Amino acid sequence: MARPQALMIQIATGDPRPISKQIVDAVRMKIATAELEPGDQLPSVRGLAQQLTINPNTVARAYAELTAEGWLDARQGLGLYVAPPRQRLSDAERERRLDEAIQRFLHDVIALDFAPDEVQARLHHEFLALAPRKSA
């Protein structure tokens, strides 16, 4: 039987996102970058809550969202596991979310007064930094 994968995530108290959203985003990123692979078992709700020193209901809410979106599979009596890859959103919803994320990004970055070429170069560099983990 597989042992739970250590879930090394950090919660930032100054982050405007709710703690459950920070957990959801961290797990999604770990799956997207292949730090967590299909079949990996996640810590129990209680285990992750103790690790992060937060309320177990917060972890349960995050795990429920990830399960509903298809990122995790719940196995009765066994725990939560990373689900096999599949398209979780329709093409239209993916496009909508990309547009929304780009607009948020632009609103945050525009006031920093960087040249568009520099912003694009930095984004490209960040994507490349993620690529080795994902393709490994």
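What you see is a predicted model, and the numbers here were worked out from it, not measured in a lab. (Residues numbered from 1 in each chain as written. Predicted model: local features only at pLDDT ≥ 70, side-chain atom pairs only at ≥ 80, totals over all residues. Heavy atoms only, no water.)

1. Some thoughts on the overall build of the protein chain
For the record, the criterion: The way it works is that DSSP assigns letters per residue, a run of H or I at least four long becomes a helix, a run of E at least two long becomes a strand, and they are numbered from the N terminus. Between buried and exposed lies partly exposed: a residue is buried under 20% and exposed over 50% of the maximum accessible area for its type, with that area taken using a 1.4 Å probe on protein chains only. Accessibility throughout is a Shrake-Rupley quantity obtained with a 1.4 Å probe, and a residue counts as covered only by protein chains that appear here. His is not counted, nor are the chain ends; Lys and Arg add positive charge and Asp and Glu add negative charge. Charge placement uses NZ in Lys and CZ in Arg. For Asp and Glu, CG and CD serve respectively.
Broken down by element type, the protein chain carries five helices and two strands. What you see in the protein chain, going N to C, is helices and strands ordered as α-α-α-β-β-α-α. Once the C-alpha set of the protein chain is aligned to its principal axes, its extents read approximately 55 × 30 × 30 Å. By the burial criterion, 26% of the 136 residues in the protein chain qualify as buried. As displayed, the protein chain has an accessible area near 9500 Å², and 57% of this comes from carbon and sulfur atoms. Placing the 17 positive and 18 negative side-chain charges of the protein chain at their respective mean positions leaves the two points 9 Å apart.

2. Some details on the UniProt feature "domain: HTH gntR-type" (unreviewed entry) in the protein chain
Threshold: UniProt positions are given in the numbering used here, feature names are shortened, and annotations may be inferred rather than shown by experiment.
The UniProt entry lists residues 17-85 under the feature "domain: HTH gntR-type" (unreviewed entry), expressed in the numbering used here. Counting secondary structure, residues 17-85 comes out at 51% helix and 12% strand; the distance between its end C-alpha atoms is 26 Å.

3. Overview of a nonpolar patch on the surface
Put simply, the test is: Patch construction takes residues with relative accessible area above 30% that form no salt bridge. Like charges are linked within 9 Å, and nonpolar side chains (Val, Leu, Ile, Met, Phe, Trp, Tyr) are linked within 5 Å. Take a side-chain nitrogen of Lys or Arg and a carboxyl oxygen of Asp or Glu: if they are within 4 Å of each other, that pair is a salt bridge.
A surface patch of nonpolar side chains, amounting to about 530 Å² of accessible area, comprises Leu 98, Ile 102, Phe 105, Leu 106, Leu 123 and Phe 127. When contributions to the nonpolar patch are tallied by element, the ones reaching two or more residues are α4 (91-109) and α5 (116-135). Broken down by element, the residue count for the nonpolar patch peaks at four residues, all from α4.

4. Regarding the packing of helix α1 (residues 19-32) against helix α3 (residues 56-68)
Spelled out, the test is: To define axes, lines are fitted to C-alpha atoms, for helices over the stretch in contact only, and angles between the resulting N-to-C directions are given on a 0 to 180 degree scale. Angles are sorted into four bins: roughly parallel if under 35 degrees, roughly antiparallel if over 145, roughly perpendicular if 65 to 115, and oblique for all others. By definition, turning the near helix anticlockwise from the far helix through less than a right angle yields a left-handed crossing, and turning it clockwise yields a right-handed one. Here a residue-residue contact requires only that any non-hydrogen atoms of the pair lie within 4.5 Å. Lys, Arg, Asp and Glu make up the charged group, whereas Ala, Val, Leu, Ile, Met, Phe, Trp, Tyr, Cys and Pro make up the nonpolar group; the residues left over, Gly among them, are polar.
With their axes 8 Å apart at the nearest point, α1 and α3 run at an angle of 45 degrees to one another. With respect to α3, the element α1 is oriented oblique. The two elements α1 and α3 meet at a crossing, and its hand is right-handed. In this structure, α1 uses Ile 19, Ser 20, Ile 23, Val 24, Val 27 and Arg 28 to contact α3, whose residues at the interface are Thr 58, Val 59, Arg 61, Ala 62, Glu 65 and Leu 66. Its residues placed into classes, the contact of α1 with α3 shows seven nonpolar, two polar and three charged.

5. Focus on the nonpolar core
Counted only if it meets this: By nonpolar core we mean a set of buried residues, namely Ala, Val, Leu, Ile, Met, Phe, Trp, Tyr and Cys, connected to one another through side-chain atoms within 4.5 Å.
Membership of the largest hydrophobic core comes to 21 residues, with the highest contact counts inside it found for Leu 7, Ile 23, Val 27, Tyr 63 and Leu 72. When contributions to this core are tallied by element, the ones reaching two or more residues are α1, α2 (45-52), α3 and β2 (79-82). Residue contacts for Val 27: discarding those within four places in its chain leaves Leu 7, Leu 36, Leu 42 and Leu 66.

6. What about the environment of Tyr 81?
Mapped onto the secondary structure, Tyr 81 falls in strand β2. Residues Tyr 81 and His 125, spaced 44 residues apart in sequence, show a C-alpha to C-alpha distance of 31 Å. Residues contacting Tyr 81, with those up to four places away along its chain left out, are Gly 39, Asp 40, Gln 41, Trp 71, Leu 72, Asp 73 and Arg 75.

7. Structural notes on unusual backbone geometry
You will see that Ala 34, though not glycine, has its phi angle at about 65 degrees, which is positive. Its location among the elements puts Ala 34 in the loop between α1 and α2. Unlike most non-glycine residues, Thr 53 shows phi in positive territory, near 50 degrees. One can find Thr 53 in the loop between α2 and α3. Overall, the relative accessible area of 71% leaves Thr 53 in the exposed class.

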